[in-house]
Amino acid sequence: DVNLLQKTLLECWLGERNDICAVGDDYQSIYGFTGASPRYLLSFVTRFPTAKIYKLETNYRSTPQVLEAANRLVPFLGGTEKTLRAENGDGPSPDVSGFADEAEEVRFVGERIIDLKSSGVPFDSVAVLYRVGFRAEAFADGLGSLNVPYQVRDGAF
């Protein structure tokens, strides 16, 4: 998960040598805000054709049900082909939904929280996780408009 500047610096440092070890996951490119891209990792075997590739497919965090959903997405991501396998025991199947826009997603989440509350789940047992901090504002606004109490941790709200 590097950007062009980091890749260029590495190329200058290496020159024609090929004594390098790289570790990465092309499906977890989290530094896109810095210009990072998984393409540099994906092109690694082109630059270093004798490299030995080890796929780390055993997952120690997620349940088989979560990894089954993830494995269904893999063919559409354009990265290295792999099949994630769980070491953990069974868990609930995740709900996977698509939304036309952010407002529809926030409304869905708020209504789902209200449904959970109606079935006896206290509000303080519910968490909403989002990938990037700027999403907090949309959820704060949306949950507030549905009168769902919320508290943002480690965020601006």
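What counts as what
Residues numbered from 1 in each chain as written. Predicted model: local features only at pLDDT ≥ 70, side-chain atom pairs only at ≥ 80, totals over all residues. Heavy atoms only, no water. Buried < 20%, exposed > 50% of the residue type's maximum accessible area, 1.4 Å probe, protein only. Helix = DSSP H or I, 4+ residues; strand = E, 2+ residues; numbered from the N terminus. Contact = heavy atoms within 4.5 Å. Core = buried A, V, L, I, M, F, W, Y, C linked by side-chain atoms within 4.5 Å. Salt bridge = Lys/Arg side-chain N within 4 Å of Asp/Glu carboxyl O.

A. Spatial organisation of helix H6 (residues 135-145). The set of residues buried in H6 consists of Arg 135, Ala 136, Ala 138, Phe 139, Ala 140, Gly 142 and Leu 143. Looking at the residues trailing H6, positive phi occurs at Asn 147, about 60°.

B. Representation of helix H4 (residues 64-73) in the model. Taken together, the buried positions of H4 are occupied by Gln 65, Leu 67 and Ala 69. Packed against the buried residues of H4 are strand S1 (58-59) and strand S2 (85-86).

C. Region of the structure containing the nonpolar core. One finds Val 106, Val 109, Ile 113, Ala 138, Phe 139, Leu 143 and Val 148 forming the largest nonpolar core, which totals seven residues. Of all the secondary-structure elements, those providing two or more residues to this core are helix H5 (102-118) and H6. Apart from the residues within four sequence positions on either side, Ile 113 is in contact with Phe 123, Val 126, Val 128, Leu 143 and Val 148.

D. Representation of the pattern of salt bridges within the structure. Scanning the model with the defined rule gives nine salt bridges in all. Two residues, Glu 57 and Arg 85, come together in a salt bridge whose shortest N-O distance is 3.2 Å. Residue Glu 57 is found in the loop between helix H3 (44-47) and S1, and its partner Arg 85 is found in strand S2; the two are separated by 28 residues along the sequence. On the basis of relative accessibility, which here comes to 43%, the residue Arg 85 falls in the partly exposed class. A salt bridge links Glu 102 to Arg 135; its shortest N-O distance comes to 3.0 Å. In this pair, Glu 102 is assigned in helix H5 and Arg 135 in helix H6, connecting sequence segments 33 residues apart. Overall, Glu 102 belongs to the partly exposed group, its relative accessible area being 38%. Counted as one network, the salt bridges with shared partners bring together Lys 7, Glu 11 and Arg 47.

Read these as layout, nothing more, since geometry by itself doesn't imply function.
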